[in-house]
Amino acid sequence: MRDLRLLCKSVFSNVETSGYVGFANLPNQVHRKSVKKGFEFTLMVVGESGLGKSTLVNSLFLSDLYPERVIPNAVEKQNMTVKLDASTVEIEERGVKLRLTVVDTPGFGDAIDNSDSFSAILEYIDEQYERFLRDESGLNRRNIVDNRIHCCFYFISPFGHGMKPLDIEFMKKLHCKVNIVPVIAKADVLTKKEIQRLKCRILQEIEDNGIKIYPLPDCDSDEDEDYKEQVRQLKEAVPFAVCGSTTLLEVKGRKVRGRLYPWGVVEVENPDHCDFIKLRTMLITHMQDLQEVTQEVHYENYRSERLAKSVRKNTNSVNGSVPGKVVCNKDRILREKEEEIRRMQEKLAQMQAKFQAQK
């Protein structure tokens, strides 16, 4: 017994003299818990048919998300309306699991009259926010599935002198609801000078129309130089000029994924040929930030508007059912709701100001 007390005293004295408490191990605990739980991410791809959206997504995640897709002919496209197709796949890499959901929008921009192309997409995004709000306000909040759109790749046609009116109108309607990342599709049809000229034109049109695209977060001063250089290159690459391919070709004795032409091979993962690697790096490196911006800016914006409508509806209901009377209890509840909304709007304004400052 005496030996045990001496041993315990020795252990505690060593801990005290070492000055080590143990909370430096907390990141490891968070890491283990996150890996065990897995991650969720929802990506939406929007653009006209034939721009290579499905091929690019399959190239990005090395998976076949559309094994049974049937491509409609020109006659079928005339009367086709925009419908949303969500495909979910479980990806595991080095023990880390990712539940990836890709929402495609077949039919977008294919009809003769595209004035109603946005309504189905807007409705779908709001439905996911409403579902998350309902689950978050329910009794069982432990296993909420997050199907909110965290990022939207908007594909711009390379055959033109910039963005079409449809592109501008879509971005203006959705930039306050989702993180938009503009992508120039099939960049292998353009020369380097043409790509650079098109990028400058698109960025100018985005600025002229007051469109807010996803801004890559600035680096902290204590970040290493390699990471700062990576972020700088990613910012300069926007909008990303990409081409995708799932075909393996042999070039100079090595296997590459690319597109074979009579004059040579376009390597998808060659930074000198396109921005595919930069787009994938942006998506993977800033996946957590995309989710945070969705939660703290876009979802909070929807939530505050939703609560404001609810308060106005309750106010009209009270005034209509008891004319000329003041119901103390209901007035108190309404005042509390209005105060909560005011606080939320102030918080939202601060987050949006911070968001704009990072931009």
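The model shown is predicted, which means the values in this text are computed figures rather than measured ones. Each chain has its residues counted from 1, following the order in which its sequence is written. Owing to the predicted nature of the model, reporting of local features is limited to residues with pLDDT of at least 70; listing and counting of side-chain atom pairs is limited to 80 or more, with chain, interface and lining totals taken over all residues. To get the side-chain values, take all heavy atoms of the structure and skip hydrogens and water.

Peer 1: Explain the pattern of salt bridges to me, using residue names and the numbers behind them.
Peer 2: By salt bridge we mean one thing: a side-chain nitrogen of Lys or Arg within 4 Å of a carboxyl oxygen of Asp or Glu. With the rule as written, the count across this model stands at 15 salt bridges. A salt bridge links Lys164 to Glu48; the shortest N-O distance between them is 3.0 Å. Highlighted residues: Lys164 in the loop between β4 (151-156) and α6 (165-174) and Glu48 in the loop between β1 (39-46) and α3 (53-61), separated in sequence by 116 residues. Note on exposure labels: buried denotes an accessible area under 20% of the residue type's maximum, exposed denotes more than 50%, and partly exposed covers the range between, all computed with a 1.4 Å probe on protein chains only. On the basis of relative accessibility, which here comes to 18%, the residue Glu48 falls in the buried class. Residues Asp275 and Lys199 are paired through a salt bridge, measuring 2.7 Å at the closest nitrogen-oxygen approach. Only DSSP runs of H or I reaching four residues or more are called helices, and only runs of E reaching two or more are called strands; each is numbered from the N terminus.

Peer 1: Tell me about the UniProt feature "site: Important for dimerization" (unreviewed entry) in the protein, and please be specific about residues and values.
Peer 2: UniProt positions are given in the numbering used here, feature names are shortened, and annotations may be inferred rather than shown by experiment. UniProt tags Phe159 as "site: Important for dimerization" (unreviewed entry). Tracing the chain through its elements places Phe159 in the loop between β4 and α6. On the basis of relative accessibility, which here comes to 58%, the residue Phe159 falls in the exposed class.

Peer 1: Tell me about the environment of Lys97, and please be specific about residues and values.
Peer 2: Position of Lys97 relative to the elements: it lies in strand β3 (residues 96-104). Lys97 gets classed as partly exposed once you look at its relative accessible area, which sits at 44%. For Lys97 and Glu40, which are 57 residues apart along the polypeptide, the C-alpha to C-alpha distance reads 8.7 Å. If we skip the residues at most four places from it in the chain, Lys97 touches Gly38, Phe39, Ile91 and Glu92. By the convention used here, residues are in contact when the closest approach between their heavy atoms is within 4.5 Å.

Peer 1: Got a sec to walk through α6? Specific residues and values, please.
Peer 2: Residues of α6 that are buried include every one of Leu166, Asp167, Ile168, Phe170, Met171 and Leu174, and no others. Where α6 is buried, its residues touch β1, α5 (119-136), β4 and β5 (180-184).

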